[in-house]
Amino acid sequence: MDLATVLDLTLRHHPVMARIDAQRRQLLPSESLAAYSPPLQLGVDAENLDDRGADRLETTLSLSGVLEWGGQPQARVGVARSENEAVRLQLAQQRLDLLANTASRFIALVGAQEALNQTSEAQALARRTREATKRRQQAGAASRADLQRAELALAQAELAVVNAQQSIVAARASLEIATGAGRDSIQTVYANLDQLPGLPALSSLLSQAPDAPAVQLADAGLIIARSRLQLAQRQARPDLGWNLGIRDDRERDSQALVLGFSLPLGQSSRTRPRIAQA
């Protein structure tokens, strides 16, 4: 299993990736909701309800709404869009961090496998040395101390193999956690550590830096602040409320058209803290 396969496992199985995809799908509806103005309201008023019956009843059927000034819906969409862009960048950075963590643990497992190969070769060499020293000691060409040193070197090599095997088990478990694929999903990984790609030039890295999510996220904070300030400034102008209806007067047997307007007072003072906060 190579690095590309391991990264694909992470993308398909890690629960964080599923959460990131779900959050991405939730972003677009928030922009659509921000574009809606306050809804129209349908109302019915009844007057002169008493024990005399319905002869003096006056009913009014009305439709009311709010006229927003200064392009407030567009400003709300701008705020939602800038906030969503910041969330997209955060999710992109989380995705990169997750893949980088998987790649790091993949390299750790490759290193553990290579360490096992080296310690196994050292063990085989120590075993051959012990056998050769034993034959030389039996022939009188080596002392008992020489054989003991060879046996000690073999024991140390065998212990190193055991430690390397345990390191592989731990590195494999760590990689399985990083991918989210589950236990026993990874056995052996492959990578050629002797042929690593060269590092890109510093100028190339600097030219790509503005496209990094972490850098763009810093700029997104300024864009959010500006869009919120623009919305707060537009909300400082009071909205005009209106209502239009028909009144039915049973006592006089007449109908009349009703038209009204309303304007909130103190809107500027209420929005001043929002402007200061933005």
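A. Up close: the pairing of strand 2 (residues 58-67). Judged from the seven bridges that link them, strand 1 (residues 41-47) and strand 2 form a sheet pairing that is antiparallel. From the neighbouring strand, Val 44 faces strand 2, where its bridge partner is Leu 61. The pairing of strand 2 with strand 3 (residues 240-249) spans 10 bridges and is antiparallel. What sits directly across from Val 66, in strand 3, is Gly 241.

B. Examining a nonpolar patch on the surface more closely. The grouping of Leu 40, Leu 42, Val 44, Leu 61 and Leu 63 at the surface amounts to a nonpolar patch, some 510 Å² of accessible area in total. Of all the secondary structure elements, the ones that give two or more residues to the nonpolar patch are strand 1 and strand 2. With respect to the helices, strands and loops of the structure, Leu 42 is situated in strand 1. Residue classification places Leu 42 among the exposed positions, given a relative accessible area of 66%.

C. Looking closely at the nonpolar core. Core analysis: the largest hydrophobic core is formed by 14 residues, its most contacted members being Phe 106, Leu 109, Leu 175, Ile 186 and Val 189. Every element with two or more residues in this core is listed here: helix 1 (3-13), helix 3 (72-138) and helix 4 (144-179). Setting aside anything within four residues of it in sequence, one finds Ile 186 in contact with Met 1, Leu 9, Leu 109, Arg 172, Leu 175, Glu 176 and Thr 179.

D. Representation of the environment of Val 6 in the model. Tracing the sequence through the fold places Val 6 in helix 1. Residue Val 6 is classed as buried on the basis of its relative accessible area, which comes to 0%. Distance in space between the C-alpha atoms of Val 6 and Ala 181 is 9.4 Å, their sequence separation being 175 residues. The contacts of Val 6, once residues within four sequence positions are left out, are Met 1, Thr 102, Phe 106, Leu 175, Thr 179 and Val 189.

E. Quick peek at the confidence of the model for the chain. Here the chain averages 86 in pLDDT, while 94% of its residues score no lower than 70. Within the chain, helix 4 carries the highest mean pLDDT (93), whereas helix 7 (residues 267-277) carries the lowest (65).

F. Local environment of the pattern of salt bridges. The full count for this structure, using the stated rule, is seven salt bridges. Here Asp 146 makes a salt bridge to Arg 149, at a shortest N to O gap of 2.1 Å. Pair noted here: Asp 146 and Arg 149 are both in helix 4, with a separation of three residues, about one helical turn. The exposure class assigned to Arg 149 is exposed, which follows from its relative accessible area of 52%.

G. Looking closely at the packing of helix 1 against helix 4. Where helix 1 meets helix 4, the closest approach of the two axes is 8 Å, and the angle between their N-to-C directions is 45°. When the interaxial angle is binned, helix 1 and helix 4 end up oblique. Along the contact surface, helix 1 presents Val 6, Leu 9, Thr 10 and His 13, while helix 4 presents Leu 175, Ala 178 and Thr 179. For the contact of helix 1 with helix 4, the class distribution of residues is four nonpolar, three polar and no charged.

H. Region of the structure containing the packing of helix 2 (residues 15-34) against helix 3. With their axes 9 Å apart at the nearest point, helix 2 and helix 3 run at an angle of 170° to one another. With respect to their mutual orientation, helix 2 and helix 3 come out roughly antiparallel. When grouped by side-chain class, the residues that make up the contact of helix 2 with helix 3 number 12 nonpolar, four polar and seven charged.

I. Structural context of the sheet that holds strand 4 (residues 254-262). Taken together, four strands build an open sheet; the order of strands is 1-2-3-4 and the sheet is antiparallel. Each edge of the sheet is formed by a strand with only one pairing partner; in this case those strands are strand 1 and strand 4. The sheet shows a mean angle of 20° between the axes of neighbouring strands, direction not considered. Sheet analysis places strand 3 next to strand 4, joined by nine bridges and oriented antiparallel.

Rules and cut-offs
Residues numbered from 1 in each chain as written. Predicted model: local features only at pLDDT ≥ 70, side-chain atom pairs only at ≥ 80, totals over all residues. Heavy atoms only, no water. Pairing = 2+ DSSP bridges. Helix = DSSP H or I, 4+ residues; strand = E, 2+ residues; numbered from the N terminus. Patch = residues over 30% accessible without salt bridge, like charges linked within 9 Å, V, L, I, M, F, W, Y side chains within 5 Å. Areas by Shrake-Rupley, 256 points an atom, 1.4 Å probe, with all protein chains shown as cover. Salt bridge = Lys/Arg side-chain N within 4 Å of Asp/Glu carboxyl O. Buried < 20%, exposed > 50% of the residue type's maximum accessible area, 1.4 Å probe, protein only. Core = buried A, V, L, I, M, F, W, Y, C linked by side-chain atoms within 4.5 Å. Contact = heavy atoms within 4.5 Å. pLDDT = per-residue confidence, 0-100. Axes fitted to C-alpha atoms, helices over the stretch in contact; angles between N-to-C directions. Parallel < 35°, antiparallel > 145°, perpendicular 65-115°, else oblique. Nonpolar A, V, L, I, M, F, W, Y, C, P; charged D, E, K, R; others polar.

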